[in-house]
Amino acid sequence: MECTILGSGGCTIIPKPLCQCHICVEARKKSIPYSRGGPSAFLHDINLLIDTPAEIAGQLNRSDIHQLDYVILTHLDPDHTEGFRVVEQIALDFRSWEAYPEKQICLLLPEQLKDRIGDIRSQYGPVIDFYQDSSFVKIQTI
Ligand SMILES: [Zn+2]
């Protein structure tokens, strides 16, 4: 099974913005792997993305990943979910404001998170409602 670690910085990315410690200075100078984004991994065999940190769009763009079929969120802390909007960025055809049917992503949702996924909200309400109504995401409870 092939796995790519997209981000391994944990809840604190490296370099920390504005920080001038020797670790952050070195990370800015040498870039990856010294610089590290939020936690995320990808399983190539089934096109599964594990977690969506704020940096996920950039992490995917610099990878060799071309298809995303599944997303799973290990838990709903912000450092794992701030980039969940990536499903919209992948699935939405901005020319028609409709979803590409072939780009719909299956959110594998552990039973324990089923009642809490709606806590990820925008000013319009739970983002999962919008993503499901727009066909960007379908949910499969596991
Ligand atoms: Zn630092």
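Scroll up for the structure.
A brief report on the enclosed structure follows. All values derive from a computational prediction rather than experimental measurement.

### Considerations on the nonpolar core
- With 26 residues, the main nonpolar core has L49, V71, F84, L107 and I117 as its most contacted residues.
- Put simply, the parts of the chain that give this core at least two residues each are helix 2 (56-61), helix 4 (86-91), strand 7 (105-109) and helix 5 (127-133).
- Contact partners of L49, with chain neighbours within four places excluded, come to L6, S40, A41, F42, I56, L60, L68, Y70, V71 and I72.
- Core analysis: the second largest hydrophobic core is formed by five residues, L48, I72, C106 and L108 among them.

### Overview of the packing of aromatic side chains
- Taken as a whole and judged by the stated rule, the model has five aromatic pairs.
- Relative to F136, the ring of F130 lies with its centre 5.8 Å away and its plane at 85 degrees, an arrangement referred to as edge-to-face.
- Looking at F136, the relative accessible area reads 2%, which means it is buried.
- Among the aromatic residues, ring-to-ring pairing joins F84, F130, Y131 and F136 into one connected group.
- Seen from the ring of Y34, K30 lies directly overhead, with NZ or CZ sitting 4.8 Å from the centre.
- A cation sits over an aromatic face here: K103 above Y100, 4.3 Å from the ring centre.

Reading guide: rules and limits
Residues numbered from 1 in each chain as written. Predicted model: local features only at pLDDT ≥ 70, side-chain atom pairs only at ≥ 80, totals over all residues. Heavy atoms only, no water. Core = buried A, V, L, I, M, F, W, Y, C linked by side-chain atoms within 4.5 Å. Buried < 20%, exposed > 50% of the residue type's maximum accessible area, 1.4 Å probe, protein only. Helix = DSSP H or I, 4+ residues; strand = E, 2+ residues; numbered from the N terminus. Contact = heavy atoms within 4.5 Å. Phe/Tyr/Trp six-rings, centres within 6.5 Å; stacked < 30°, edge-to-face > 60°. Lys NZ or Arg CZ within 6 Å of the ring centre and 35° of its normal.

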